[in-house]
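Summary of the model geometry
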Amino acid sequence: MNSFKSIRFKSETAKHFQKFSRRFFKTHTEALQTMLDFFFYNEISPKESLGPNGRTITNLIKKRFNAMAAMMKNLEKNGVLPTKAMIELLFEHSPQKKRKQAPLLMEGGEDDPERDRFFKKVEEAIVIERKYTNLKRDLRQNRAEFIALLNKVQLVKSSFGKSRLQLDMALEDFEKLKIKIEKELP
């Protein structure tokens, strides 16, 4: 049989500990032992601050590396050409201090083939970016509609034979959905 010892605490502290102990543990002994183990295992003193330590710094570094990897994947996937082209366009034609009014980008009597090529690339990049944005929007809408449709599917158990799936949707709504999908097909 385990032996017990009594320790004197201020009554307010004892009540506070008892509330805590009942909330998380079966016995007061288990609560106190778990707290002591925590401090010994993590090699910290209850009096010291838990500011940045090795574990929190490691976790912070891991999160930053994960974020950086996600950005790199995004750059590889989507490319940087549209953004780069737009920034070059902005910096190439920034207003000069001596001029009172900046010339418009498309104005100018210059027949510069390199400039024309640059503008064509910028226009192509903008068109590609617009198509990509529209495709993403359409995909989001289609996904939302598909999830809504899946939520209307119910499992019907049969006493004879196999269970089956049943679509709980008004016939008019089904016909509208069918027509909409047929219109979207090329």
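Scroll up a little and you will see the structure.
A brief look at the structure comes next.

What counts and what doesn't
- Residues numbered from 1 in each chain as written.
- Predicted model: local features only at pLDDT ≥ 70, side-chain atom pairs only at ≥ 80, totals over all residues.
- Heavy atoms only, no water.
- Helix = DSSP H or I, 4+ residues; strand = E, 2+ residues; numbered from the N terminus.
- Buried < 20%, exposed > 50% of the residue type's maximum accessible area, 1.4 Å probe, protein only.
- Contact = heavy atoms within 4.5 Å.
- Salt bridge = Lys/Arg side-chain N within 4 Å of Asp/Glu carboxyl O.
- Patch = residues over 30% accessible without salt bridge, like charges linked within 9 Å, V, L, I, M, F, W, Y side chains within 5 Å.
- Areas by Shrake-Rupley, 256 points an atom, 1.4 Å probe, with all protein chains shown as cover.

1. Some thoughts on the overall build of the protein chain
Broken down by element type, the protein chain carries six helices and two strands. Each helix and strand of the protein chain, ordered N terminal to C terminal, gives the series α-α-α-α-α-β-β-α. Counting over 186 residues, the protein chain shows a buried share of 6%. Long-range pairs, those at least 24 residues apart, make up 26% of the contacts in the protein chain between residues at least 6 apart in sequence.

2. Describing the pattern of salt bridges
Inspection of the entire model under this criterion finds two salt bridges. Here E145 ties to K180 by a salt bridge, and the two come within 2.2 Å at their closest N and O atoms. On the criterion of sequence distance, the pair formed by E145 in helix 5 (residues 113-151) and K180 in helix 6 (residues 171-184) is long-range, its members being 35 residues apart. A relative accessible area of 31% means that E145 is categorised as partly exposed. By relative accessible area, which is 33% here, K180 ends up partly exposed.

3. Comments concerning a nonpolar patch on the surface
Taken together, the side chains of F146, L150, V153, L155, L165, L167, L171 and F174 present a nonpolar region at the surface, about 790 Å² in accessible area. Elements with a minimum of two residues in the nonpolar patch: helix 5, strand 1 (153-156), strand 2 (164-167) and helix 6. Considering the arrangement of structural elements, one finds L165 in strand 2. Accessibility expressed as a relative area gives 62% for L165, which makes it exposed.

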